[in-house]
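Structural characterization, general
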Amino acid sequence: MSDAHPAMGRARMPRMTTISTSGGRVSIAVPASWETVELGPGGDVVAAVEPDDGSRFRTNFVLATPAADGPLPDWDPGDVLVLDREDVQVAGHPGTHRLTTHATPAEESVTTESWATVVDGRAVTLTANIGTLRVSELARLVDSVAASIAVRRREGVHA
């Protein structure tokens, strides 16, 4: 960002709402104006998708909480290029943060950030998919959504 234009690239933070999985045990805050969809049976995968303006890749956040057998598994990136990986705390639990990039079938460059941890037998994963040219524009929003991950422990289970 240029000192001459300190507000350039800084979008105002939108009004936020909460979406959740696993019966409300895992949640994130997403823009209230975005479309939310349940992607998997049993409420284990939900997404928030940017409104469609017809001209670009729609930024989206996907929260998944499938059952996990054991610790955080190694992640096979498949057809993406891993740019960075670090061990971090995710909602107060040991986890990972990954930054990758790939191209869509329409040849759009997409940057993906993901945060993952395992809590109470659930693999908690938040994935943000952003058109690469918009990463700096949406960085503050992505950071805010990632910071909002909340995991409520099952009754009787101790950390």
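Report on the accompanying structure. In this convention, every chain numbers its residues from 1, walking through the sequence in written order. Only residues with pLDDT of at least 70 are given local features in this predicted model, and only at 80 or more are side-chain atom pairs given and counted; all residues enter the totals for whole chains, interfaces and linings. Calculation of side-chain values draws on the structure's entire complement of heavy atoms; hydrogens and water are dropped beforehand.

Points about the pattern of salt bridges
Which entries qualify depends on this criterion: For this document, the term salt bridge refers to a Lys or Arg side-chain nitrogen within 4 Å of an Asp or Glu carboxyl oxygen. Helix and strand definitions here come from DSSP, where helices need a minimum of 4 consecutive H or I residues and strands a minimum of 2 consecutive E residues; each element is numbered from the N-terminal end. Three exposure classes are used, based on accessible area relative to the maximum for each residue type with a 1.4 Å probe and protein chains only: buried under 20%, partly exposed in between, and exposed over 50%.
Summed over all chains, the structure comprises eight salt bridges. The salt bridge partner of Asp 120 is Arg 25, with a shortest N-O separation of 3.5 Å. Of the two residues, Asp 120 is situated in the loop between β8 (109-119) and β9 (122-131) and Arg 25 in the loop between β1 (16-21) and β2 (26-31); the sequence distance between them amounts to 95 residues. Accessibility classification places Asp 120 together with Arg 25 in one group, the buried group. For the salt bridge of Asp 44 with Arg 122, the shortest nitrogen-to-oxygen distance reads 3.3 Å. Here Asp 44 is found in the loop between β3 (35-38) and β4 (45-49), whereas its partner Arg 122 is found in strand β9, with 78 residues between them in sequence.

Notes on the pairing of strand β7 (residues 93-103)
The test is simple: Strand pairing follows a simple DSSP-based rule, namely that at least 2 bridges must link the two strands.
One ladder, built from nine bridges, connects strand β6 (residues 81-90) with β7; its direction is antiparallel. Residue pairing for β7: Val 82 is matched across the bridge by Thr 100. By the bridge criterion, nine bridges tie β7 to β8 in an arrangement that is antiparallel. By the bridge assignment, His 102 is partnered in β8 with Val 110. Connecting the antiparallel pair β7 and β8 is a turn made up of five residues, with Glu 107 showing a positive phi of about 65°.

Some thoughts on the nonpolar core
Worth spelling out the cut-off: By nonpolar core we mean a set of buried residues, namely Ala, Val, Leu, Ile, Met, Phe, Trp, Tyr and Cys, connected to one another through side-chain atoms within 4.5 Å. In this analysis, two residues are considered to be in contact whenever any of their non-hydrogen atoms come within 4.5 Å of each other.
Judged by nonpolar contacts, the single largest core of 23 residues is most densely connected at Ile 28, Phe 61, Leu 63, Trp 115, Leu 126, Val 145 and Ile 149. Looking at this core, the elements with two or more residues in it are β2, β4, β5 (60-64), β8, β9 and α1 (135-147). A total of five residues in this core trace back to one element, the largest contributor, which is α1. Sequence-distant contacts of Leu 126, defined by excluding residues within four places in its chain, comprise Ile 28, Phe 61, Val 62, Leu 63, Glu 113, Ser 114, Trp 115, Val 145, Ala 146 and Ile 149.

A look at the pairing of β1
As paired strands, β1 and β2 are joined by six bridges and run antiparallel to one another. For Ile 19, the partnering residue across the bridge sits in β2 and is Ile 28. A loop of four residues connects β1 with β2, the two strands running antiparallel in sequence, and Ser 22 in this loop sits at a positive phi of about 50°.

Side note on the sheet that holds strand β10 (residues 150-151)
To be explicit about the condition: The axes are straight lines fitted to the C-alpha atoms, using for helices just the contacting stretch, and the angles between their N-to-C directions are given from 0 to 180°.
Taken in spatial order, the three strands of this open sheet run β1-β2-β10, and their pairing is antiparallel. Of all the strands in the sheet, the pair left with one neighbour each is β1 and β10. Pairing of β2 with β10 involves two bridges; the strand directions are antiparallel. Looking at β10, one finds that Val 26 is bridged to Val 151. Its contacts with the sheet place α1 against β1 and β2, and it is angled at close to 155° to β2.

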